[in-house]
Amino acid sequence: NPKTTKSKPGEAKGPTAKALQAAFKAQRDAFDAAPYPSWEVRKARLETLRDVLRKYEDDIKQTISDDFGHRSKVDTDLGDIIMAYNDIHNALKMTPKWMKRRKRATSLSYKPGWNEIIPQPMGVIGIVVPWNYPLGLATGPIIGAIGAGNRCMVKMSEYTPKFSALFKSMMEEAFEPDVVYVATGGVDVATAFTNLPFDHMLFTGSTNVGKIVAKAAAENLVPCTLELGGKSPVLIDDSAKLDLTVARIAQSKLLNAGQTCIAPDYVLMPKARIDAFSDAMINQAEAMYPKFAGNDDYTSVIADSHYARLQTLLEDAENKGAKIRVAGNDDKQQLAKERRIPLTVVTETTPDMKIMQEEIFGPLLPIVPSETLEDQCTAVKSKDRPLALYWFGEDDAKRDRVLYETHAGGVTINDCAWHFGQEDIGFGGIGPSGMGAYHGEAGFETFSHMKGVFHQSTGGLFHTLKQKMMADMMPPYT
Ligand code: NAD
């Protein structure tokens, strides 16, 4: 059992740098002793993961809820548990196909030699997990890593100490530490963790910490997948069906109280429709959550610091002339006590407001008037390339212009966030919202060395002809 150091917040304990190095060495030695796990071994690991999740489902929901103050159990089902089962199900179905050696074309001058790509396990994968979906964002990369035949070390978030402790003990029950190792703890542990010479590292978290992690990875030339954040815009076209649009934005904005990396961050739409849209958003939120305080379906903001940050965004917007509408009529003190924030629609926004500059990560929804497709694309392009983009409308030509003229990590059309759940499209950011991708085959390839192999010929008629041609390439050159 590794020695521990104390760190904040939550006074989460974690291993020392020395203990982490020892765990890494144990994983690397075990990998070197068995560098190509068969499908049977990988399958057994994936099934073990599924079984331990099943066994502890109730505890998972309870500990995450304890860490948040309150976390809706259905939010945990939707955002964490079902995602994990789907990922495992898909990996169990598809990995034998993904593991296959892949023949590649060979040009005439190299025949009868031939080419192939061999997906090879990389070794030890480092995975850093944020607090917002602490199970799903741990299991997603773990599934990709072990499906591709690797071992992995996982650093949990200090903001979810109860769940992190549970997850650590679950993984200890299910796996030898040289297969899956979990570290809890704060920034000191995270720093030591990200300094390890992993064979690949996948970090999920904020753009600022992503930069620190990328620098640490660069020191050891560790290839790095960065799953970061940003302001994901919603573009509403004149042709959009308002009822559908409102219901779908409200659902994904209020899941986990907006604490979702791909939550719709702000809305761009024609001015004439903003009032009707705001009314409908408020009505929709109130229909979904008749009360926000004390409502088991509605999740709290994770920590006082984040609650204060969201209040500051609102105060700043109000001071600069924004109009603010809060759904429901809950008692404000009670809401504050529970760290619950109802859907809050912010109109008459201006670019100098912090709410239009920082990733919101909460249930505040600013709306920006934007008349034409050109205006909307220009507005998107004036900001950092986002993790996700959402377009609502019925005009396919306009849809395609948005798809080709703007950049975003991923897109859902006529809904929000669901591209994350698709098994056969990779998920990742672009520019400041991240680099690289995982999920499904994209994840398998991220965690594999796709090794190119050229097999030179050694015999046969065509080979003999080629040998004659090749002779000219051998010194002495004549
Ligand atoms: P964070 O960046 O504060 O922390 C993420 C992890 O990094 C934690 O485990 C933390 O311990 C670790 N960490 C903190 N400081 C570190 C350091 N100096 N060196 C190394 N590691 C360090 O992020 P968060 O607040 O937990 O999560 C919210 C952010 O994550 C948001 O920006 C959100 O958009 C983003 N996010 C992205 C995705 C995605 O898939 N792209 C998913 C969820 C969240």
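Residues numbered from 1 in each chain as written. Predicted model: local features only at pLDDT ≥ 70, side-chain atom pairs only at ≥ 80, totals over all residues.

A. Examining the sheet that holds strand β8 (residues 200–204) more closely. The six strands lie next to each other as β7-β6-β5-β8-β9-β17, forming an open sheet whose pairing is mixed. In this open sheet, the two strands that pair with only one neighbour each are β7 (180–183) and β17 (434–435). Sheet topology places strand β9 (residues 224–227) next to β17; two bridges connect them, and they run antiparallel. Within the sheet, the bridge partner assigned to Glu227 lies in β17 and is Gly434. Those strands touched by helix α7 (residues 187–194) are β5 (124–128), β6 (151–155), β7 and β8, and its axis lies near 150 degrees from that of β5. (Pairing = 2+ DSSP bridges. Helix = DSSP H or I, 4+ residues; strand = E, 2+ residues; numbered from the N terminus. Contact = placed C-beta atoms within 7 Å. Axes fitted to C-alpha atoms, helices over the stretch in contact; angles between N-to-C directions.)

B. Quick look at helix α11 (residues 304–319). Look at α11: 22 Å from first C-alpha to last across 16 residues, which is about the 22 Å you get at 1.5 Å a residue. Along α11, the positions that sit buried rather than exposed are Tyr307, Leu310, Leu313, Leu314 and Ala317. Viewed along the axis of α11, the buried residues span an arc of 120 degrees, placing them on a single side of the element. Projecting away from the buried face of α11 at angles above 90 degrees are the exposed residues Asp304, Ser305, Ala308, Glu315 and Asn319. Buried residues along α11 sit against β12 (323–326), β13 (344–347) and β14 (364–369). Two residues or fewer past α11, Gly321 is found with a positive phi of approximately 100 degrees. (Expected span 1.5 Å × (residues − 1). Buried ≥ 20, exposed ≤ 12 C-beta atoms within 10 Å, placed from the backbone. Arc of directions from axis to C-beta.)

C. Main features of the site of the ligand. Residues in contact with the ligand amount to 28 residues; listed here are only the nearest, Pro130, Ala190, Gly205, Gly229 and Cys261. For the shell around the ligand, the secondary structure elements donating two or more residues are α7 and α8 (207–219). Tallied by class, residues from the shell around the ligand come to 14 nonpolar, ten polar and four charged. (Near = placed C-beta within 6 Å. Nonpolar A, V, L, I, M, F, W, Y, C, P; charged D, E, K, R; others polar.)

D. A look at the UniProt feature "active site" (unreviewed entry) in the protein chain. Mapped onto this numbering, the UniProt entry annotates "active site" (unreviewed entry) at Glu227. Tracing the chain through its elements places Glu227 in strand β9. Aside from chain neighbours lying at most four places away, what touches Glu227 is Leu202, Phe203, Thr204, Gly428, Gly429 and Gly434. (UniProt positions renumbered as here; feature names shortened; annotations may be inferred.)

E. Region of interest: the packing of helix α2 (residues 39–55) against helix α6 (residues 161–174). The geometry of α2 relative to α6 is characterised by a closest axis approach of 10 Å and an angle of 135 degrees between their N-to-C directions. Taken as axis vectors, α2 and α6 run oblique relative to one another. For the pair α2 and α6, the crossing hand works out as right-handed. The residues of α6 that touch α2, namely those facing Thr48, Leu49 and Val52, are Met170, Glu173 and Ala174. Across the contact of α2 with α6, the residue classes tally to four nonpolar, one polar and one charged. (Parallel < 35°, antiparallel > 145°, perpendicular 65-115°, else oblique. Left-handed = near helix turned anticlockwise from the far one by under 90°.)

F. Inspection of the sheet that holds strand β15 (residues 388–392) at higher detail. Taken in spatial order, the seven strands of this open sheet run β12-β13-β14-β11-β10-β15-β16, and their pairing is mixed. For this open sheet the edge positions go to β12 and β16 (410–413), each flanked by a neighbour on one side alone. Ignoring strand direction, the axes of neighbouring strands in this sheet form an average angle of 20 degrees. Relative to β13, β12 is paired through four bridges, and the arrangement is antiparallel. Residue pairing across strands places Lys323 opposite Thr347, the latter belonging to β13.

G. Summary view of the environment of Phe420. Within the secondary structure layout, Phe420 lies in the loop between β16 and β17. Here Phe420 falls in the buried class, since 23 other C-beta atoms lie within 10 Å of it. Along the chain, Phe420 and Met83 lie 337 residues apart, while their C-alpha atoms are 9.3 Å from each other. If near-sequence neighbours (up to four positions away) are discounted, Phe420 is found in contact with Ile262 and Phe427.

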